[in-house]
Amino acid sequence: MSLEILTSLQAAKNIGEKKFVVLLDPDKVRMSNVDKVVELAQNAHVDYFFIGGSLIVNSVLDNTLDTIKKACNIPLILFPGNSFQLSYKADAILFLSLISGRNSELLIGKHVITAPYLKVSPLEIMPTGYILVDGGIPTTVSYISNTQPIPYTKDDVAMCTAMAGEMLGLKLIYMDAGSGANNSISPSMIEAVSSTIDIPLIVGGGIKTPKEAEEKALAGADVIVVGNAIESDPDLITEIAAAVHGASGKRAPQ
Ligand code: 1GP
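Residues numbered from 1 in each chain as written. Predicted model: local features only at pLDDT ≥ 70, side-chain atom pairs only at ≥ 80, totals over all residues. Heavy atoms only, no water.

**What about the overall build of the protein chain?**
Consideration 1: Scanning the protein chain from terminus to terminus reveals 10 helices and eight strands.
Consideration 2: In terms of overall dimensions, the protein chain is globule-like: its C-alpha atoms have a radius of gyration of 17 Å, near the 18 Å expected for 254 residues.
Consideration 3: When the 254 residues of the protein chain are sorted by exposure, 54% land in the buried category.
Consideration 4: By sequence separation, contacts in the protein chain at least 24 residues apart represent 75% of the contacts at least 6 residues apart.
Consideration 5: For the protein chain, the accessible surface area stands at approximately 11,500 Å², while carbon and sulfur atoms represent 57% of it.
Consideration 6: Where the 19 positive side-chain charges of the protein chain centre and where its 27 negative ones centre are 2 Å apart. (Helix = DSSP H or I, 4+ residues; strand = E, 2+ residues; numbered from the N terminus. Rg over C-alpha atoms; globule rule 2.2 N^0.38 Å. Buried < 20%, exposed > 50% of the residue type's maximum accessible area, 1.4 Å probe, protein only. Contact = heavy atoms within 4.5 Å. Areas by Shrake-Rupley, 256 points an atom, 1.4 Å probe, with all protein chains shown as cover. Lys, Arg positive; Asp, Glu negative; His and termini not counted. Charge placed at Lys NZ, Arg CZ, Asp CG, Glu CD.)

Quick look at the structure:
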């Protein structure tokens, strides 16, 4: 099994290099927009695409992956909203365990069902502790997953959850305020979590501006994910990519 992407994410984290991910929800993004997004992403040196959503169907998923693959060489990582969102056309998959929740199906149940398919797939499997944080509005993911997000100000709960995830052997932590969140995750929570784990920390949900993206990276996020804001204004890709990459090797003022 290939570990190429995980290895490069860990290596980047070790030297303070920040990565930028564009999230595309094949259900939301108009196919006419995909070409523009891909071109901008390629020019801005976007590091990865996450492809996923809570409610997409597989034919749309395959078409989207094919279209992007033909147009660029940015690696495509599945960010599945459920166990049906599998496609061998991607390069890798976030194998998500929803460790902020207490829904056993999303902690281990679905994984048991999906494991034999993934075992024979060419996809790189990326074991990821997924932590939902309250972003000020109920999001599709908290509704669908039937779990409670970690309260916005409970840095210590987020910290201990991430710590446990790392101790369980997960290779990435993804803290998400949910797509379209009103409040993106606070710098203090990012700082608390990143200072207690050695695996890469992905942060997303409600990030709308280059300044906000930079702030998250400086607080300790290793990978920044933006979806909604780019769907509304693809031109933001260039500035956000520059802001995130520009935060490499820098720390937030203490
Ligand atoms: C959601 O973290 C992602 O799961 C991205 O969120 O769409 O709000 O950027 P946005």
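**A short note on the environment of I240**
Consideration 1: Along the chain, I240 falls in helix 10 (residues 236-246).
Consideration 2: On the basis of relative accessible area, I240 is assigned to the buried category, the value being 0%.
Consideration 3: Sequence-wise, I240 and P210 are 30 residues apart; in three dimensions their C-alpha atoms are separated by 4.3 Å.
Consideration 4: Among all residues touching I240, those that are not within four sequence positions of it are F20, T209, P210, A213 and V226.

**With respect to the pairing of strand 8 (residues 223-226)**
Consideration 1: The alternating pattern of strand 8 places V223 and V225 on one face and I224 and V226 on the opposite face, and all of these are buried.
Consideration 2: Across four bridges, the pairing between strand 1 (residues 19-24) and strand 8 is parallel. If you follow K19 over to strand 8, its bridge partner there is V223.
Consideration 3: Relative to strand 8, strand 7 (residues 201-204) is paired through three bridges, and the arrangement is parallel. Counterpart to G204 in the pairing with strand 8 is V225. (Pairing = 2+ DSSP bridges.)

**What about helix 8 (residues 210-219)?**
Consideration 1: Summarising burial for helix 8: seven of the 10 residues are buried, a large majority.
Consideration 2: Looking at helix 8, one finds that the buried residues are P210, E212, A213, K216, A217, L218 and A219.
Consideration 3: Buried positions along helix 8 lie against helix 7 (187-194), strand 8 and helix 10.
Consideration 4: Phi turns positive one or two residues past the end of helix 8, at G220, with a value near 130°.

**Describing a nonpolar patch on the surface**
Consideration 1: Side chains of Y88, Y117 and V120 sit close together on the surface and give an oily, nonpolar patch of about 360 Å² of accessible area.
Consideration 2: With respect to the helices and strands, the residue Y88 is situated in the loop between strand 3 (76-78) and strand 4 (92-98). (Patch = residues over 30% accessible without salt bridge, like charges linked within 9 Å, V, L, I, M, F, W, Y side chains within 5 Å. Salt bridge = Lys/Arg side-chain N within 4 Å of Asp/Glu carboxyl O.)

**Some thoughts on the site of the ligand**
Consideration 1: Within the structure, the ligand sits among 13 residues, and D176, S179, G180, G206 and G227 are positioned closest to it.
Consideration 2: Measuring from an oxygen atom of the ligand, one finds a backbone N or O atom of G205 at 3.1 Å.
Consideration 3: One nitrogen or oxygen atom from the main chain of N228 is found 2.8 Å from an oxygen atom belonging to the ligand.
Consideration 4: Its free accessible area being 310 Å², the ligand has 96% of it covered by the protein chains. (Near = heavy atom within 4 Å. Polar contact = N/O pair within 3.5 Å; in protein donor to acceptor, adjacent residues only side chain to side chain.)

**A few points about the sheet that holds strand 4**
Consideration 1: Taken together, the eight strands give a closed barrel; going around it, the order is 1-2-3-4-5-6-7-8, and neighbouring strands pair in parallel fashion. Sheet twist, expressed as the mean angle between neighbouring strand axes with direction ignored, is 30°.
Consideration 2: Examined bridge by bridge, strand 5 (residues 124-132) and strand 6 (residues 172-176) share five bridges and lie parallel to one another. Across the sheet, Y130 pairs through a bridge with Y174, a residue of strand 6.
Consideration 3: Most of the contacts of helix 10 go to strand 1, to which it runs at about 145°, and overall it touches strand 1 and strand 8. (Axes fitted to C-alpha atoms, helices over the stretch in contact; angles between N-to-C directions.)

**Considering the nonpolar core**
Consideration 1: Counting 60 residues, the largest nonpolar core has F20, V22, F49, I68, I173, M175 and I224 as the members making the most contacts within it.
Consideration 2: Once residues within four sequence positions are removed from consideration, V22 is found in contact with V37, V46, Y48, F49, F50, V226, I230 and I237.
Consideration 3: By size, the runner-up hydrophobic cluster in this structure holds 22 residues, among which are L6, L98, L172 and Y174. (Core = buried A, V, L, I, M, F, W, Y, C linked by side-chain atoms within 4.5 Å.)

**Examining the packing of helix 8 against helix 10**
Consideration 1: Two elements in contact, helix 8 and helix 10, have axes whose closest approach is 8 Å; the angle formed by their N-to-C orientations is 25°. Taken together, the axis directions place helix 8 and helix 10 in an arrangement best described as roughly parallel. The handedness of the crossing between helix 8 and helix 10 comes out as right-handed. Along the contact surface, helix 8 presents P210, A213 and E214, while helix 10 presents L236, E239, I240, A243 and V244.
Consideration 2: Here the residues of the contact of helix 8 with helix 10 sort into six nonpolar, no polar and two charged. (Parallel < 35°, antiparallel > 145°, perpendicular 65-115°, else oblique. Left-handed = near helix turned anticlockwise from the far one by under 90°. Nonpolar A, V, L, I, M, F, W, Y, C, P; charged D, E, K, R; others polar.)

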